[in-house]
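Examining the three-dimensional arrangement
Here's the letter readout for the chains.
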Amino acid sequence: ATDENKLKTTIGQIADDAKGYTGDRDYKLFYAVFYVTSDFWGQERFTHAWNDMQFPENWKSFYVVGK
């Protein structure tokens, strides 16, 4: 993501997708990697936003800052 709005939108879209996999025995573990071009949120704010979406426990997130 190159800005806050894109990151927020993407987290929301993935949260919607997660609901479709809840309870499906074929899928056990998910990794969601969020690559941002600059650290406009920081890990703490990202974690708060992730937790607010109430992802199932088998979903793991990674907040990666690059260029």
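Placed above this text is the structure.
Here, residues in each chain are numbered from 1, in the same order as that chain's written sequence. Per-residue local features are limited, in this predicted model, to residues with pLDDT of at least 70; the limit for side-chain atom pairs, both in listing and counting, is 80 or more; totals at the level of whole chains, interfaces and linings are taken over all residues. Calculation of side-chain values draws on the structure's entire complement of heavy atoms; hydrogens and water are dropped beforehand.

Within this document, salt bridges are pairs made up of a side-chain nitrogen of Lys or Arg and a carboxyl oxygen of Asp or Glu, the two lying within 4 Å of each other. Taken as a whole and assessed by the stated rule, the structure comprises 2 salt bridges. We note a salt bridge from Glu 4 to Arg 45, for which the minimum N-O separation is 3.1 Å. A residue pair is termed long-range when its members are at least 10 positions apart, and Glu 4 in helix 1 (residues 4-21) and Arg 45 in helix 2 (residues 43-52) qualify at 41 residues. To qualify as a helix, a DSSP run of H or I must reach at least 4 residues; to qualify as a strand, a run of E must reach at least 2; elements of each kind are numbered from the N terminus.

Below, the discussion takes up the nonpolar core. We define the nonpolar core as a collection of buried residues of types Ala, Val, Leu, Ile, Met, Phe, Trp, Tyr and Cys that are connected through side-chain atoms lying within 4.5 Å of one another. Burial here depends on accessible area, computed with a 1.4 Å probe over protein chains only, as a share of the maximum for the residue type. Under 20% is buried, over 50% is exposed, and the range in between is partly exposed. Core analysis: the biggest nonpolar cluster contains 15 residues, and Leu 7, Ile 11, Phe 34, Trp 41, Phe 46, Trp 50 and Phe 55 have the highest contact counts within it. Elements that contribute at least two residues to this core include exactly helix 1, strand 1 (30-36), helix 2 and strand 2 (59-65). Any two residues whose heavy atoms approach within 4.5 Å at even a single point are treated as in contact. If we ignore the near neighbours within four places in the chain, the residues touching Trp 50 are Ala 32, Phe 34, Phe 55, Trp 59, Lys 60 and Ser 61.

This part takes up the pairing of strand 2. Alignment of strand 1 against strand 2, held across 7 bridges, turns out to be parallel. What sits directly across from Tyr 35, in strand 2, is Val 64. Look down the strands so they point away from you; if the path from the first strand over the helix to the second goes clockwise, the crossover is right-handed. In the classification by handedness, the crossover that spans strand 1, the intervening helix 2 and the parallel strand 2 is right-handed. Whether two strands pair depends on DSSP finding at least two bridges between them.

Here we take up the packing of aromatic side chains. Paired rings are identified among Phe, Tyr and Trp, the last through its six-membered ring, by centres lying within 6.5 Å, and are further divided according to the angle between planes into stacked (under 30 degrees), edge-to-face (over 60) and tilted (the rest). The full count for this structure, using the stated rule, is 11 aromatic pairs. Here the aromatic rings of Tyr 21 and Phe 30 are separated by 5.0 Å at their centres, their planes lie at 50°, and the arrangement is tilted. Exposure remark for Tyr 21: the relative accessible area of 32% places this residue in the partly exposed category. On the basis of relative accessibility, which here comes to 13%, the residue Phe 30 falls in the buried class. Ring centres of Phe 34 and Trp 50 lie 5.9 Å apart, and the angle between their planes is 75°; this geometry places the pair in the edge-to-face category. Here Trp 50 lies in helix 2 and Phe 34 lies in strand 1, a separation of 16 residues in the sequence. A relative accessible area of 3% places Phe 34 in the buried class. These aromatic residues form a ring-pair network of at least three members: Tyr 21, Tyr 27, Phe 30, Phe 34, Phe 46, Trp 50, Phe 55, Trp 59 and Tyr 63.

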